[in-house]
Amino acid sequence: MKLFSGPPLSQFAAPAAPERADIRLVPIPRLAAGGRWRVEAMRSYSEPLLLWFTRGQGRITVAGVTRGYGAHNAVFIPAGVMHGFEIGHQVHGTALFFGRGAELDLPRTPQHLRVRDAIPQGELSSILDAVQREMDSSKPGHERAARHHLGLVGVWLERQLAEAAADPAIAAAPRPDAARKLANRYTALVERKYRSGANVGDLAAELGVTPTHLTRVCNRTCGRTAHALLADRKMHEARRLLAETRLPVQDVSASLGFASPAYFTRAFHGSTGKTPSDFRRQN
């Protein structure tokens with residue numbers, strides 16, 4: 001009995017480009033493997049990220065604004081947005097990395113949602129499980145199928161944001177005021193300029209404000225000074241380069257805009273309690 005009367009499988013068109021295995025789902029505690037700095041220090045990714053917290057609580061800073069998170073909070077962070085979050089022993093959940101160049105309908109700005117209804121909680125967990133099954137599969141088209149499931153994550157976010165617009169209790173993020181807007185602009189500028197050697201005064205001038213006002217705003221929105229945010233971003237990148245590459249220390253220093261390797265070493269030791277060489281040996 002003929003069960004399939006269409007063309008042979010060999011006649012199906014191949015994808016225009018090779019499928020890329022850059023979609024990743026990572027248990028949130030595993031993100032801190034190698035040190036809590038990997039989640040707590042300011043950093044950004046070149047791809048969108050969704051953090052789905054299912055247990056525990058803490059504080060998360062996104063685009064210069066800090067707020068608390070708890071169980072069944074979904075935090076969407078677009079590519080290139082600076083962020084970091086506390087992680088304790090009780091924190092569990094999943095980090096979904098969408099991959100670079102994902103052509104999906106996703107929010108253009110950071111989003112923080114408290115998902116109180118069990119139905120959407122289960123929907124998101126089911127979609128993430130489906131993505132993981134496809135990524136673990138060896139069946140033809142499994143990566144393409146995973147990308148289709150990512151599209152459902154985008155739909156889920158769209159629906160939750162629509163509900164949040166109607167019910168402010170769902171949205172963990174308050175409407176942005178002038179301070180939050182300036183903090184957003186500052187952290188976006190830090191992300192573009194942290195390798196350049198620019199200091200807070202330079203960045204404040206580019207934003208059209210005084211360093212004193214900028215620091216006052218950052219203290220208000222995230223409890224850190226403007227200098228601390230800039231230094232934290234530079235130190236995260238320094239640790240990453242030392243742990244994950246073989247770049248000589250002087251090249252790491254130069255790539256981050258430090259005036260000299262000696263100044264970089266002093267700054268790194270002041271931030272981490274270790275010299276760059278000691279940190280590299282231990283990581």
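Residues numbered from 1 in each chain as written. Predicted model: local features only at pLDDT ≥ 70, side-chain atom pairs only at ≥ 80, totals over all residues. Heavy atoms only, no water.

Colleague: Sorry, what's going on with the sheet that holds strand β6 (residues 83–85) here?
Modeller: Read across the open sheet, the three strands follow the order β4-β3-β6; overall the sheet is antiparallel. Of all strands in the sheet, those with a lone pairing partner are β4 (65–69) and β6, marking the two edges. Between one strand axis and the next, the sheet turns through 20° on average, direction left out of account. The sheet contact formed by strand β3 (residues 58–62) and β6 spans three bridges and is antiparallel. Bridge pairing in β6 links V62 to H83. (Pairing = 2+ DSSP bridges. Helix = DSSP H or I, 4+ residues; strand = E, 2+ residues; numbered from the N terminus. Axes fitted to C-alpha atoms, helices over the stretch in contact; angles between N-to-C directions.)

Colleague: It is not clear to me how the side chain of D22 should be interpreted in this structure. Could you clarify?
Modeller: Tracing the backbone through its elements, the reader meets D22 in the segment before β1 (24–27). Owing to a relative accessible area of 18%, D22 belongs among the buried residues under this scheme. With residues up to four places along the chain from it excluded, the contact list for D22 reads E47, F97, G99 and R100. (Buried < 20%, exposed > 50% of the residue type's maximum accessible area, 1.4 Å probe, protein only. Contact = heavy atoms within 4.5 Å.)

Colleague: Any chance you could explain the state of the cysteines here in plain terms?
Modeller: All told, the structure shown has zero disulfides when counted by the stated rule. C222 supplies the cysteine sulfur nearest to C218, a cysteine that is in no disulfide, at a spacing of 5.5 Å. Looking at C222, the relative accessible area reads 8%, which means it is buried. (Disulfide = S-S within 2.5 Å.)

Colleague: Help me understand the nonpolar core, please; the structure alone is not making it clear to me.
Modeller: Most often, soluble globular proteins keep nonpolar side chains buried together rather than apart. Counting residues in hydrophobic clusters, the biggest one holds 32 residues, and the most contacted among them are Y186, L214 and F264. Formed by 22 residues, the second largest nonpolar core is a distinct cluster that contains L124, M135, V153 and W156. (Core = buried A, V, L, I, M, F, W, Y, C linked by side-chain atoms within 4.5 Å.)

Colleague: Is there a simple way to explain the packing of helix α7 (residues 226–244) against helix α9 (residues 261–272) in this structure?
Modeller: α9 packs onto α7 with a crossing angle of 100° between their chain directions and a minimal axis gap of 11 Å. Comparing their axes, α9 and α7 come out roughly perpendicular. Together, M235, A238, R239 and L242 of α7 and F264, A267, F268, S271 and T272 of α9 make up the contact between the two elements. Broken down by class, the residue content of the contact of α7 with α9 amounts to six nonpolar, two polar and one charged. (Parallel < 35°, antiparallel > 145°, perpendicular 65-115°, else oblique. Nonpolar A, V, L, I, M, F, W, Y, C, P; charged D, E, K, R; others polar.)

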